[in-house]
Structure formats: C-alpha cells, structure tokens
Amino acid sequence: MVKPGQPRPRRPQGRWSPVQLSPVILTVVIASLAYATPPDMAFSRILPAAPALAAAMWPVLPTVLLGTVCFLLMIGLSLVFPGLGAWYTVAGIVAVTVAAAYGSHVRLQREQSLFQVRLVADAAQQVVLSPMPRRFGAVEIESLYLAAAAEARIGGDFYEVADTPYGVRLLIGDVRGKGLPAVGTAAAVVNSFREAAYDEPDLAGIARRLEASSTRYNAAFPPDDLAERFSTAVLVEIPHDDRTLRILNCGHPPPLLRSRDGLRVLSPTDPAPLLNLAGLIGDCYSTDTFAFTPEDQLLLYTDGVTEARDRDGDFFPLTDWMRHQTPSRPRDLLDGLHRDLLAHTSTGLDDDIAALAVRLRGAPGESRGALSRGGADEG
C-alpha cells in the first residue's frame, strides 16, 4: 500500500499500448473462436488464460473485472452449447481469477518497494554525483556516468568539481569493490573534497584530508579487510590566472590531454599512495604541472573505460581513440565516448564508468610558460 504523503510510481500516460490491452484482445479472440467453431474444439477452455495474463500488467480491480467478464462469457457459451461441459471451465476461471488478483497485489507491492529503493538510490546519487554547472568562468566541464547494472543509479566511481579561490578543482576516483560499502566510501571521499577544496591551499593538503576521511570511514570494517579497501583518485587544479594544470595522482589511470601538438598521457612523476593506504606505504604527495592552453581537451576517466572489453576480450583503445578526436565541445567528446564504448562492448558494460571532459576557453591571463616537470609521456 502507498502511505499518504508518499510519492507514487509513475503510471503510463495516455492510451493503453497493445501490450497492455493484450488480455482484452486474448479474451475477444478466444470467445470469437469458441462461438465460431464446433463445440468439440473447446476453445473456451483457454479462457482462464486471460485473467492470468492480466495479473502480469494490470492492477487488482481490472484483473478481477476481466475474470468476471470471462465468467459471464463462459455462462453464455454454456447456454448456446448445452453439451459443452462448461462448468469445469467456469470453476477454472474463478480459481485463476482469485489467484491472478492475489498475484497482481503481490506484484504491485514489489513494484512499490522497488520504487522506494530507487528513490533512495536517487538520493544517494545526489549526494555522491550532484549536478554541476557546465561552465566555471573560462573552464567548460561535462560529466559522464554509466552504471554497469541496468537498474543501478550509483556505484563506486565518483567525481566532483569545485570553483575555489585557488582555481577550479576537480576530483575523479574509483572505490575498490561494489555495493553499499563502495557507495559509502565514495560519499565519504566526495564530501571531504567538497570541504577541503575550499580550505586547502594545495592539492597535497586535499589528498591528506581525503585520506583521513577514507580511513575514518573504513575503520568501521574488520581490520583484516582494511588492506583490501582502498580508492584511486586524481586531483586536478586549473588556476584562474594561469594556463597550467596541476595534477596529483593517487594510483588512478592518468588523464589524457589533447592539444595542438598531439596527445599527451599525463602520468605522474611520483605516484601518490592510494587512499586508505598511506599508513601502510607512506604519506608522500607530489604535484605535477602541465601546460594547458585554450581549446586543449582534458579527459579524466575511471578504469571502467580502459577495461571495457569486446567479444574477443580486447580492451577499449582509449589512447588511440582520443588521439583521433577532433577539437569539440566537452559534451560532444563524452557523447562520442559513450557511443563508441557501447559499440565496442556490444554485450554491455562489466564495470561502472565515470569521465570528465574539460576545455579551457578564452585567454585567462598571460602564460607563464609553465611546462611539464616530467612524468608526461608523449602520445
């Protein structure tokens, strides 16, 4: 039952589709065949199938009404064909209608439960993947999220963007594992970033805050499992008055930067520890700086993109794909990535996918000639 004040599942608007009308169509066809054919063919005996079919798509009352119609049709057939032996079929119609009404009731309850779960999932999505503006001054950003499960709303992949006094700061990452623990870890990391991005003067300070939040959250789980509970992440800073990118990589797939000079894989000089593992392998964070000029395209992504396989087991060739892209808006770039990923896998995704596409527009100040300090592979 739907309680007062609760949102209700959306029902189809407008006219019923042929599929929804199929129980009525089946009833008319069976009744017509029963009247038009000799009694010994006994098409009337399959009338109980109509209310049974209605239970799969109709509410309780229409299902019962259709069963009543079938009951009356069978009574009419028994009067037209006295030797039909219709009373067994009448009893079958009554029994099937009662069972169908109960089945319809159970189905509606389950649909309501699923609807409530989806509301919770939507709320979780708003916490972890909140809607973000497409423009931050001269910086244009678009996002893409694809869940591996068809009914999923959110998984262990996460991203966030913040326009701070230090510049536009971006986060993208991936939690090891699946299910509610992964979503909880993602929410802890994203919420920590939303605060730290405005407070910390450098990316290393943000990374330490994310590490602390991840560690506190995972402390609630058994100690033997902590070494297996970690997250990868990339932090990016685009200063307001400088044509540069500052990147801190915590074990995440390196971003791709396409410029007039070609494609660059922005690998870190010194990879930082994965989140929740700094206590085991050391707390050492270094930031790399790369040139970022107007109309350059930056792509941040999770490993679900590069590990998407086709039927032959071959991975999606993201670097080659990015190298052949022409300059375009971030939305067009992600739409093309979405389309080509689905075409590559053909059978569906095996992992969640998140991506951010970034483009710098205009001329945000004079370039300081900041080049990469190393750690970037030429494409």
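In this text, all values refer to a predicted model and were calculated from it rather than measured experimentally. (Residues numbered from 1 in each chain as written. Predicted model: local features only at pLDDT ≥ 70, side-chain atom pairs only at ≥ 80, totals over all residues. Heavy atoms only, no water.)

Engineer: How would you explain helix H10 (residues 330-345) if you had to name every residue and give the values?
Structural biologist: The end-to-end C-alpha separation of H10 is 23 Å, in line with the 22 Å expected for 16 residues at 1.5 Å each. What H10 keeps buried is the set Pro 330, Leu 333, Leu 334, Gly 336, Leu 337, Leu 341, His 344 and Thr 345. Around the axis of H10, the buried residues are gathered within 160° of arc, so they sit on the same side. When the buried face of H10 is taken as reference, the exposed residues oriented beyond 90 degrees from it are Arg 339 and Ala 343. The inward-facing, buried residues of H10 contact strand S2 (139-146), strand S10 (297-301), helix H8 (303-306), helix H9 (318-323) and strand S11 (353-360). Downstream of H10 by one or two residues, Ser 346 has phi in the positive range, about 60°. (Helix = DSSP H or I, 4+ residues; strand = E, 2+ residues; numbered from the N terminus. Expected span 1.5 Å × (residues − 1). Buried < 20%, exposed > 50% of the residue type's maximum accessible area, 1.4 Å probe, protein only. Arc of directions from axis to C-beta. Contact = heavy atoms within 4.5 Å.)

Engineer: Please give an account of the nonpolar core that cites residues and values.
Structural biologist: In terms of nonpolar packing, the biggest core is built from 25 residues, with Ile 141, Leu 170, Val 236, Ile 238, Leu 245 and Leu 298 touching the most fellow members. Examining the composition of this core, we find that 4 residues originate from one element, S11, more than from any other. When near neighbours in sequence (up to four residues on either side) are disregarded, Leu 245 contacts Val 236, Glu 237, Ile 238, Leu 257, Leu 266, Asp 288, Thr 289, Phe 290, Phe 292 and Leu 298. Counting 24 residues, the second-largest nonpolar core is a separate cluster that includes Val 175, Phe 193, Leu 203 and Tyr 285. (Core = buried A, V, L, I, M, F, W, Y, C linked by side-chain atoms within 4.5 Å.)

Engineer: Pulling in residues and values, what's your account of the pattern of salt bridges?
Structural biologist: Under the defined criterion, the tally for this structure stands at 14 salt bridges. A salt bridge links Arg 323 to Asp 320, with the nearest nitrogen and oxygen atoms 2.9 Å apart. Of this pair, Arg 323 and Asp 320 both sit in helix H9, 3 residues apart, which is roughly one turn of the helix. According to the relative accessible area criterion, Arg 323 is partly exposed, its value standing at 29%. By relative accessible area, Asp 320 is classed as partly exposed at 41%. Each of Glu 140, Glu 295, Arg 359 and Arg 361 takes part in a single network of salt bridges with overlapping partners. (Salt bridge = Lys/Arg side-chain N within 4 Å of Asp/Glu carboxyl O.)

Engineer: Outline the sheet that holds strand S4 (residues 167-175), listing residues and values.
Structural biologist: Taken in spatial order, the 5 strands of this open sheet run S3-S4-S5-S6-S9, and their pairing is antiparallel. Across the chains shown, the open sheet's two edge strands, defined by having one partner strand only, are strand S3 (157-164) and strand S9 (288-291). Direction aside, neighbouring strands of the sheet carry axes that sit 20° apart on average. Relative to the sheet, helix H6 (residues 203-218) contacts S4, strand S5 (231-238) and strand S6 (244-250), its axis offset from that of S5 by approximately 150°. (Pairing = 2+ DSSP bridges. Axes fitted to C-alpha atoms, helices over the stretch in contact; angles between N-to-C directions.)

Engineer: Lay out the side chain of Glu 160 with the relevant residues and their values.
Structural biologist: Looking at the secondary structure, you find Glu 160 in strand S3. Reaching out from Glu 160, the side chain makes a polar contact with the side chain of Arg 194 at a distance of 2.5 Å. (Polar contact = N/O pair within 3.5 Å; in protein donor to acceptor, adjacent residues only side chain to side chain.)

Engineer: Any chance you could break down the environment of Asn 276 for me, citing the residues and the numbers?
Structural biologist: Tracing the backbone through its elements, the reader meets Asn 276 in the loop between strand S8 (262-265) and helix H7 (278-281). For Asn 276, a relative accessible area of 11% puts it in the buried group. Separated by 44 residues in the primary sequence, Asn 276 and Thr 232 place their C-alpha atoms 9.4 Å from one another.

Engineer: Lay out helix H1 (residues 22-36) in plain terms, naming residues and giving numbers.
Structural biologist: Given a rise of 1.5 Å per residue, 15 residues ought to cover 21 Å, and the 21 Å separating the end C-alpha atoms of H1 matches this to within 8%. Here H1 has its buried residues at Pro 23, Thr 27, Ile 30, Ala 31 and Ala 34. Projected down its long axis, H1 shows its buried positions confined to an angular sector of 95°, all on one face.

Engineer: If you had to explain the pairing of S8 to someone new, which residues and values would you point to?
Structural biologist: Successive side chains on a regular strand alternate, one facing one side of the sheet and the next facing the other. Pairing of strand S7 (residues 256-259) with S8 involves 4 bridges; the strand directions are antiparallel. By the bridge assignment, Ser 259 is partnered in S8 with Gly 262. Count of turn residues in the S7/S8 antiparallel hairpin: 2 residues.

Engineer: Summarise the pairing of S3; cite the residues concerned and give the values.
Structural biologist: Counting buried residues in S3 gives 7 out of 8 residues, a clear majority hidden from the surface. Here S3 runs beside S4; their pairing, made up of 8 bridges, is antiparallel. Following the sheet pairing, Tyr 159 is matched in S4 by Ile 172. With antiparallel pairing between neighbouring strands as the criterion, S3 and S4 make up a hairpin whose turn holds 2 residues.

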